[in-house]
Structure formats: structure tokens, C-alpha cells
Amino acid sequence: SRIKVGLVFGGRSGEHEVSIISAQAIAKGLTTPANPDRYELIPFYIDKNGAWLGAEIAASILKTGQPHPPSETPPPNFWNFPPQASEVDVWFPILHGPNGEDGTVQGLFKLVQKPWVGSGVAASAVGMDKILMKAVFAAAGLEQVAYLPVNRSQIWSDPCVYSHLCDHIESTLGYPCFVKPANLGSSVGIAKVKTRDQLTTALDNAASYDTRIIVEAGVVAREVECAVLGNDRPQASVIGEITYTSEFYDYETKYTDGRANLIIPADLPTEVIEKIQAMSITAFNAIGAAGLARLDFFYVEKTGEILINEVNTLPGFTALSMYPQLWEKTGLAFPDLVHQLVQLALERGAV
Ligand code: ATP
Ligand code: MG
Ligand code: MG
Ligand code: MG
């Protein structure tokens, strides 16, 4: 009989809309004739307030692509999930950002002892928190930009402490630098800053998103990405490059049609490709990822340096997203990719 896949999408995160589009693509991929009678889909939608809505509403959102108006009541207690949840054999969370990519939902699946697609609790949490992530990457010997971790309390503090923090950022990182909430995605809350004024504005803004903030030295480089698939023997895809004309790869550039170009495979020397693939596997293993991850890099052409930027343990998964396209160009079509992901989840079990 068909395996029942609980596809969870939406979520209490700034990446809610992207998640809906990712889920539409995955739903189609799991049930296309290329996966004949393999999977029965049970969709679950998490609204913007965190309430779980059952298969009927979720299916209609998959059809229309429109978010459901958020519930006014607080999210349900965990004994209050839609009844169809008890039928699920394997979960497929396609939630981007906080409350989904960060280990929270993975912990729920682990508690109910059902396997799920993607990384476990610790790897998801480390992958989402850019401060923890960078510490783990450094321990694995991966090169990255200079950075400073900042705590919100240093920003929401007396002017003297705040000013000292800004002096320290200016003297150690200089301008331009990037201010980021530690736990987010899709460039939400990120600013490229060139002056002290912009720095304080960016820090104040980032502090409204997260208690932890990271400031990084800005680098001038080509942006390249690699997709990894697997559990104990992870494989790296071909490399993709992103080009754009905006100041950086910000939210608008990511999600406005025609603003960014994905070049797959990227035009790079063989040794650079091989190094990025090797670094991707090292990074995947370093955080203890499972199933899938997309690794983002800076390639400084002038010096030949390859710096790891970050990992995304639940990367964008629309038909046009980098992750599935990288596998497509590596020789794994979308329906085969989602099939493999579910099989990897079943193989790993609820750990
Ligand atoms: P994603 O949607 O990939 O999860 P994110 O929100 O986690 O994104 P980053 O990938 O860390 O954010 O940064 C977003 C973009 O900002 C990068 O793709 C790049 O264009 C720019 N950027 C970030 N950090 C730096 C840096 N240190 N130097 C130069 N550009 C940077
Ligand atoms: Mg990210
Ligand atoms: Mg992300
Ligand atoms: Mg990124």
C-alpha cells in the first residue's frame, strides 16, 4: 500500500509564502506518474500564527497557492493537532526559517517517533543559527569571512556600551559589513552597511528579529551554491552561480521574477568545483546534517579563495529553486529527488 507522507508547509516565519510554493512543487513531485502509486499525500498547513490546519484546508491552499488568514486564537497545544496526523508514516516538513528549519518541528516528529525528511534537531538548530554554524565550520577547518557575534542586550543597552560595540565592529571588520539576525533566511533582516548611521539602523532592525545577531566583513566575490543529498554517504551536486545587479542577494532580488540569474552549472575551473564540493560535504558532516542541505559560498576570483557563507538545511524547493535545479543538472529529476528524500528519511528512522 502507498506510504502516507505528511507534507507540512506554511509556518510561523517570514518565509511562509515561499514554503507554500515549495510544498506545491513537492506535492506534485510525489504524486506524478513518475512515482506511480508510491505515496499518498496528507497535507498540513501551519498558519502565520502557528496553528495547524488539517488536510482539507491544506489541500485547498496547495491548489490556490494563497495563504490562509491567520487564526486569532493562539496555536493549539500539541495534543490538538489535526486528527490525520496519526495516520502519517513519514513527515516531509518543507518549512523555511524559524519554527521549521531550526529543529523545533523536527523535535515534535522525534517525540512522536515518526521519521521525517531532512536533518535532526541539533543539525537543524546549528544550521539555522549563524553564530553556532560558524563556530562549527571553524572547528571543521572551513574558511569563512571575519565576523563578530552580537547579543541584543548590547544593542538594547546604555549608549556607552552600544557605542563601544560599534567602535569595535568598525575597527575589526570595517565597512562594508553585513548585519544579520542570527536565525533567519531569505535575507530577511539583513543589511549591507557602509556608515556608522547605517550600522546602528541595521543593528536596531536586526535586534527586532532575534536576540542573537551576527556582523560579518563584506567580501567582493562570486556567489556559488552546492546541493548535498544523502545520510551517511552524502553526495554533492554540480555547482550553481547566482548573478544579480542589486547591492546584494536581498529578499526582493530572491523573489522578484527576473532579478536574479541562476547559472547551472557555474563556469568555474575544475579544481574550484572539486574544492567547493569537498567543502560542502565537510560542512554537511560538520553540523551532522541528514537528507539534504544547500551550502552557500563566496568565490573570490582574484585570490582563488573559497569561503563558506552558510548552510540551509531546508532550502527553497520550488521547481525553479537552486536546490532541485542543481540535482536536475546533476542527473536527478525532481520526482526522483523527492522520492530519494522520503527513502532517506525512512532509512534513517525517527532520530
Ligand atoms: P538564504 O535565503 O540563502 O537562507 P540568508 O537569509 O540565510 O539567505 P545569507 O545567505 O547569509 O542570508 O546572506 C544573504 C545574501 O547577502 C548573500 O547571498 C550575499 O548576497 C549577501 N551577503 C551575506 N553575507 C555577506 C558577506 N559577508 N559579504 C558579502 N555579501 C554577503
Ligand atoms: Mg540561510
Ligand atoms: Mg534559508
Ligand atoms: Mg544564503
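Predicted model only: the values in this text are computed from it and were never measured. (Residues numbered from 1 in each chain as written. Chains lettered and ligands numbered in written order. Predicted model: local features only at pLDDT ≥ 70, side-chain atom pairs only at ≥ 80, totals over all residues. Heavy atoms only, no water.)

So, the domain arrangement of the chain
Turning to step 1, where the next piece is worked out: Each domain of the chain was delimited in the assignment, giving domain 1 (3-117), domain 2 (127-143 + 220-313) and domain 3 (147-217).
Turning to step 2, where the next piece is worked out: Each partner contributes residues to the interface: domain 1 has 8 residues there, and domain 2 has 6 residues.
Turning to step 3, where the next piece is worked out: With both chains or domains summed, domain 1 and domain 2 bury close to 540 Å², and 62% of this area falls on carbon and sulfur atoms.
Turning to step 4, where the next piece is worked out: Three residues, Val18, Glu101 and Val117, lead the burial of domain 1 against domain 2; their summed loss comes to 66% of the area buried on that side. (Domains from an automatic or database assignment. Contact = heavy atoms within 4.5 Å. Buried area = accessible area lost by both parts, 1.4 Å probe.)

Focus on the site of ligand 1
Turning to step 1, where the next piece is worked out: The immediate surroundings of ligand 1 are formed by 24 residues, with Lys130, Lys180, Ser187, Glu223 and Asn312 found nearest.
Turning to step 2, where the next piece is worked out: At a separation of 2.8 Å, an oxygen atom of ligand 1 approaches a polar side-chain atom of Arg294.
Turning to step 3, where the next piece is worked out: Here ligand 1 has 620 Å² of accessible area as a free molecule, and 96% of this is covered by the chains.
Turning to step 4, where the next piece is worked out: Of all elements in the fold, only strand 6 (177-181), strand 8 (212-217), strand 12 (291-300) and strand 13 (305-312) reach the threshold of two or more residues within the shell around ligand 1.
Turning to step 5, where the next piece is worked out: Partitioning the shell around ligand 1 into residue classes produces 10 nonpolar, 6 polar and 8 charged.
Turning to step 6, where the next piece is worked out: Built from parts of two domains, the shell around ligand 1 gets at least three residues from each of domain 2 (127-143 + 220-313) and domain 3 (147-217). (Near = heavy atom within 4 Å. Polar contact = N/O pair within 3.5 Å; in protein donor to acceptor, adjacent residues only side chain to side chain. Areas by Shrake-Rupley, 256 points an atom, 1.4 Å probe, with all protein chains shown as cover. Helix = DSSP H or I, 4+ residues; strand = E, 2+ residues; numbered from the N terminus. Nonpolar A, V, L, I, M, F, W, Y, C, P; charged D, E, K, R; others polar.)

A closer look at the sheet that holds strand 2 (residues 39-46)
Strand pairing in a sheet relies on backbone hydrogen bonds, with the paired strands running either antiparallel or parallel.
Turning to step 1, where the next piece is worked out: The strand order across the open sheet built from 4 strands is 3-2-1-4, with neighbouring strands paired in mixed fashion. Bordering the open sheet on either side are strand 3 (52-53) and strand 4 (90-93), each of which pairs with just one other strand.
Turning to step 2, where the next piece is worked out: Of the strand pairs in this sheet, strand 1 (residues 3-10) and strand 2 are connected by 8 bridges, and their pairing is parallel. Pairing of Lys4 across the sheet is with Glu40, part of strand 2. (Pairing = 2+ DSSP bridges.)

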